[in-house]
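Single-letter residue listing:
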Amino acid sequence: MADLIFARSLSRLGTESAFDVLARAQKLAASGRDIINLGIGQPDFATPAHIVEAGIKALRDGHHGYTPAGGLPALREAVTRDLHRRHGVEVHPDTVVIQPGGKPTMFFAVLMFGEPGAEILYPNPGFPIYESVIRYSGATPVPFALQEQNGFAFSAEDVLSKITPATRLLIINSPANPTGGVTPKEEIDRLVAGLGAHPHVALMSDEIYSNMLYGGRRHVSLLQYPEIRDRLIMLDGWSKTYAMTGWRLGYAVWPEACVDAVTRLCINDHSCVNAATQFAGIAALDGPQDAVREMVAAFDQRRKVIVERLNALPGMRCADAAGAFYVFPNIEGTGMSARQAQDRLLDEAGVATVAGTSFGAWGEGYLRFSYANSLEKIEEAMARIAEVL
Ligand code: PLP
């Protein structure tokens, strides 16, 4: 019998329970239950055909080998063109590092700055991997609250008040998972101005939902603030915008001073992203954007419907989420905890959602609904939930 002795650090590594909910929902579906999945954080659209073709062509053309660790130069240049088009900023391709998805950027950023004694600030409720990898690194996780009454935007004053001499890294995310909240420009201006007094703090801005804003809002990228470029890690990628979650492709723009270290992390971890996916990534950025516009328009339509339907349910109150493809209704009026509501809706209504507490302790009293599902399914899910409630 093996008697394995694991590293202590392993016990500090968390997870993303949306994947557990997905597994439970799939198991129920396999047993014959009709499950509507409003739990998963990925577009329900296929990757646009011209992007798929570019990946296939790359394989046929013989692109089967390693690429530079930081990504193909042509892809890094395509990223800079896209950033110029969308955010009006100039970025040097050498500071763009391609990754297998958005997640490795957050892992590497936290590994680069996190160690015992260091503090890392992150949103709560927020993407669960932030807290998980901060703990794994040995650093102290310092949450700042995202509150319903602020439209789930962060408060710059609150964030800045939590900075100490031990703070190494601040993580922000707008549009946000799980709330769909978008932090307004004035608040971002205040944060950036306040960071001037804390030159020891690096900033990771997770902008993976930067293409998904509604109601005429425009995305504010932290790249638009030259005064923090030398400490900004701006994360974005293809997963959400181009419905490419399974391809594993993401990137970040890094401060020049970090590029060497993050490239070494890539070499130690995965060498490079598979070549064909990188060619698909070029086609995505340089090709027509109609499919993105159509997908975002469909999300917007569903968003309006789900917000209206949730607000009509007894015990639920749903803010008008401005971005991403999530809503985060307050469920306190149902008398259930977040976890109870998640379990009952799955077991009794056959609707998969994710408990707010999966995104941090301050998500109690909320449920995350993803509206990456068809309008009919959303309508049916709401009818079934109404029956259970
Ligand atoms: N950042 C946020 C806020 C997310 O919600 C997600 C995925 O759900 C990611 C990053 C990671 O995306 P990827 O699948 O590209 O690793």
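Residues numbered from 1 in each chain as written. Predicted model: local features only at pLDDT ≥ 70, side-chain atom pairs only at ≥ 80, totals over all residues. Heavy atoms only, no water.

> Any chance you could explain a nonpolar patch on the surface here in plain terms?
Residues Leu4, Phe6, Leu10 and Leu13 make up a contiguous nonpolar surface patch of about 430 Å² in total accessible area. Its location among the elements puts Leu10 in the segment before helix 1 (17-30). Look at Leu10 and you get partly exposed, because its relative accessible area is 42%. (Patch = residues over 30% accessible without salt bridge, like charges linked within 9 Å, V, L, I, M, F, W, Y side chains within 5 Å. Areas by Shrake-Rupley, 256 points an atom, 1.4 Å probe, with all protein chains shown as cover. Salt bridge = Lys/Arg side-chain N within 4 Å of Asp/Glu carboxyl O. Helix = DSSP H or I, 4+ residues; strand = E, 2+ residues; numbered from the N terminus. Buried < 20%, exposed > 50% of the residue type's maximum accessible area, 1.4 Å probe, protein only.)

> Is there a simple way to think about the packing of helix 4 (residues 103-113) against helix 8 (residues 256-269) in this case?
Two packed helices can be described by the angle between their axes and the distance between those axes. Close contact between helix 4 and helix 8 brings their axes to 10 Å; oriented N to C, the two are set at 115 degrees. Crossing angle aside, the handedness with which helix 4 passes helix 8 is right-handed. The residues of helix 8 that touch helix 4, namely those facing Phe108, Leu111, Met112 and Phe113, are Cys258, Ala261, Val262, Leu265, Cys266 and Asp269. Its residues assigned to classes, the contact of helix 4 with helix 8 shows nine nonpolar, no polar and one charged. (Axes fitted to C-alpha atoms, helices over the stretch in contact; angles between N-to-C directions. Left-handed = near helix turned anticlockwise from the far one by under 90°. Contact = heavy atoms within 4.5 Å. Nonpolar A, V, L, I, M, F, W, Y, C, P; charged D, E, K, R; others polar.)

> In this structure, what is going on with the pairing of strand 7 (residues 232-237)? I would like to understand it.
Consecutive side chains of a regular strand alternate in pointing toward one face of the sheet and then the other. Of all the six residues making up strand 7, six are buried; the element is thus mostly covered by neighbouring parts of the structure. Of the two faces of strand 7, the one holding Leu232, Met234 and Asp236 and the one holding Ile233, Leu235 and Gly237 are both buried throughout. Of the strand pairs in this sheet, strand 7 and strand 8 (residues 250-253) are connected by four bridges, and their pairing is antiparallel. Bridge assignment links Met234 to a residue of strand 8, and that residue is Val253. (Pairing = 2+ DSSP bridges.)

> Please clarify how the sheet that holds strand 6 (residues 202-206) should be interpreted in this entry.
Think of a sheet as strands paired side by side through backbone hydrogen bonds, with each pair either parallel or antiparallel. Here seven strands make up an open sheet; going across it, the order is 2-8-7-6-5-3-4 and the pairing mixed. Looking along the sheet, the strands with just one partner apiece sit at the ends: strand 2 (96-99) and strand 4 (140-145). Direction aside, neighbouring strands of the sheet carry axes that sit 20 degrees apart on average. Judged from the four bridges that link them, strand 6 and strand 7 form a sheet pairing that is parallel. Note that in strand 7 the partner of Leu203 across the bridge is Leu232. Helix-sheet contacts for helix 5 (residues 128-137) involve strand 3 (119-124), strand 4, strand 5 (167-173) and strand 6, and the interaxial angle to strand 3 is about 160 degrees.

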